[in-house]
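Read off the chains here:
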Amino acid sequence: MGTADRFHSSRLHLQLAIALALAFAIIAFVAQPLTIAASGVAPLTLVKQLVAQVLSIVKDKEMTQPDKQTKLHELGAANFDFDEMSRLAMGKSWRSLSADQRKRFVPVFTSFLEDAYLNKVQNYSGQEIQIIKAYVTDKDYAQVSGHIVQQGSEPIGLDFSLKREGGTWKIYDVAVDNVSTLDSYRTEFQRIMGEEGFDELMAQIQRRDRELASTLGSPTGLPF
């Protein structure tokens, strides 16, 4: 299998990809509540309230798919720490990048992440999401945990990692069944960086993002 084919093939099967999409949907709608969190609303309470809100929107048959995607893009941009996500996804390779390369990488990776998750939101099929517990690892970091209930199979674990900066909580990672989104990308990105370099990594991410974007709004999307 060629480099591009390996990059195009996710280690996560379709069910896990859908779970990641649901996780993205939940945290992308954390716009107002995450801002309020700095004023005393607990992360657990925030996420529980948001699950009901988000699932209502995802199930809304009167709202068009493009409208849902627009909301997710806007809210995600306001509430994800994409700089931190980009740094963590690159791992040790981040240190070797120039300031210009970092500046170029962040928006490309951000677009790729959004389209990868949005591509799967359209495949939501009614799973129940339960948020169970939360804890603050220190004053500026928190974890919120729960699971996705599936008929006839074991629940899928769901964990949110949040970081507070300047009094505002932002999300920097999501893990499904103990598989971190960023860990999954880090292994592949470091391999491509070592074998073919930064420009080839950028080209592959951009190519994949174009493919994902072209399927948004289609009935099935890509099995990513």
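Before reading on, note that the structure itself is shown above.
Residues numbered from 1 in each chain as written. Predicted model: local features only at pLDDT ≥ 70, side-chain atom pairs only at ≥ 80, totals over all residues. Heavy atoms only, no water.

Engineer: Help me understand the overall build of the protein chain, please; the structure alone is not making it clear to me.
Structural biologist: Along the protein chain, the regular secondary structure elements total nine helices and five strands. Taken from the N to the C terminus, the helices and strands of the protein chain come in the order α-α-α-α-α-α-α-β-β-β-β-β-α-α. Sequence separation of at least 24 residues holds for 63% of the intrachain contacts in the protein chain that already meet a minimum separation of 6. Only carbon and sulfur atoms are counted for the fraction: they give 50% of the accessible area of the protein chain, which is about 10700 Å². (Helix = DSSP H or I, 4+ residues; strand = E, 2+ residues; numbered from the N terminus. Contact = heavy atoms within 4.5 Å. Areas by Shrake-Rupley, 256 points an atom, 1.4 Å probe, with all protein chains shown as cover.)

Engineer: Would you take a moment to explain the pairing of strand β1 (residues 128–138) for this structure?
Structural biologist: Along any regular strand, the residues point their side chains to alternate faces of the sheet. Pairing of β1 with strand β2 (residues 141–149) involves nine bridges; the strand directions are antiparallel. Looking at the pairing, Ile131 lines up with Gly146 of β2. Linking β1 to β2, which pair antiparallel, is a turn of two residues. (Pairing = 2+ DSSP bridges.)

Engineer: Help me understand the nonpolar core in this model?
Structural biologist: Within soluble globular proteins, side chains that are nonpolar generally end up buried alongside one another. Counting 40 residues, the largest nonpolar core has Met90, Phe105, Phe109, Phe189 and Leu201 as the members making the most contacts within it. Within the residue set of this core, elements represented by two or more residues are α6 (82–90), α7 (99–121), β1, β2, β3 (156–165), β4 (168–176), α8 (181–195) and α9 (198–215). Take this core: its biggest share by element is eight residues, from α7. Dropping the residues within four chain positions of it, Phe105 is found in contact with Ser86, Met90, Trp94, Phe189, Phe198, Leu201, Met202 and Ile205. (Core = buried A, V, L, I, M, F, W, Y, C linked by side-chain atoms within 4.5 Å. Buried < 20%, exposed > 50% of the residue type's maximum accessible area, 1.4 Å probe, protein only.)

Engineer: Please explain the pattern of salt bridges as it appears in this structure.
Structural biologist: If the charged atoms of two oppositely charged side chains come close together, the side chains can form a pair. All chains considered together, the criterion is met by nine salt bridges. In this structure, the salt-bridge partner of Lys163 is Glu84, at a minimum N-O distance of 3.9 Å. Placement of Lys163 in strand β3 and of Glu84 in helix α6 is noted, with a sequence separation of 79 residues between them. The burial state of Lys163 is the same as that of Glu84; both residues are buried. (Salt bridge = Lys/Arg side-chain N within 4 Å of Asp/Glu carboxyl O.)

Engineer: Would you mind showing me how to read the pairing of β4 here?
Structural biologist: Burial analysis of β4 places seven of its nine residues in the buried class, the great majority of the element. Judged from the eight bridges that link them, β3 and β4 form a sheet pairing that is antiparallel. Looking at the pairing, Leu162 lines up with Ile171 of β4. Direction of pairing for β4 relative to strand β5 (residues 179–180): antiparallel, over a ladder of two bridges. The residue of β5 that forms the bridge with Ala175 is Ser180.

Engineer: Can you walk me through the sheet that holds β5 in this structure?
Structural biologist: Each strand in a sheet pairs with another by means of backbone hydrogen bonds, the pair being arranged parallel or else antiparallel. Read across the sheet, five strands follow the order β1-β2-β3-β4-β5 without closing on themselves; strand pairing throughout is antiparallel. Two strands lie at the open edges of the sheet, namely β1 and β5, each paired on one side alone.

Engineer: Please clarify how unusual backbone geometry should be interpreted in this entry.
Structural biologist: Most peptide bonds are trans, and most residues other than glycine sit at a negative phi. The phi dihedral of Asp177 falls on the positive side, at around 50 degrees, and the residue is not glycine. Tracing the backbone through its elements, the reader meets Asp177 in the loop between β4 and β5.

Engineer: I would appreciate a short explanation of the packing of aromatic side chains in the present structure.
Structural biologist: Remark: the centre distance and the inter-plane angle together describe each pair of aromatic rings, the angle taken between the planes. Here the structure, examined in full by the defined rule, presents nine aromatic pairs. The interplanar angle of 90 degrees and the centroid separation of 5.8 Å between the aromatic rings of Phe109 and Tyr185 together place this pair among those described as edge-to-face. Of this pair, Phe109 sits in helix α7 while Tyr185 sits in helix α8, and the two are 76 residues apart along the sequence. For Tyr185, a relative accessible area of 11% corresponds to the buried category. (Phe/Tyr/Trp six-rings, centres within 6.5 Å; stacked < 30°, edge-to-face > 60°.)

Engineer: Where do I start with the packing of α8 against α9 in this structure?
Structural biologist: Packed helices, taken two at a time, are described by the angle between their axes plus the distance between the axes. Orientation of α8 relative to α9, taken along the N-to-C sense of each, is 135 degrees, at an axis distance of 7 Å. Accordingly, the angle class assigned to the pair α8 and α9 is oblique. Between α8, through Phe189, Ile192 and Met193, and α9, the contact on the second element is made entirely by Phe198, Glu200, Leu201, Gln204 and Ile205. Residues that form the contact of α8 with α9 fall into these classes: six nonpolar, one polar and one charged. (Axes fitted to C-alpha atoms, helices over the stretch in contact; angles between N-to-C directions. Parallel < 35°, antiparallel > 145°, perpendicular 65-115°, else oblique. Nonpolar A, V, L, I, M, F, W, Y, C, P; charged D, E, K, R; others polar.)

Engineer: So what exactly am I meant to see when it comes to the environment of Val174 here?
Structural biologist: Within the secondary structure, Val174 sits in strand β4. Assessed through its relative accessible area of 8%, Val174 is described here as buried. The spacing of Val174 and Asp159 is 15 residues in sequence and 5.7 Å in space, taken between C-alpha atoms.

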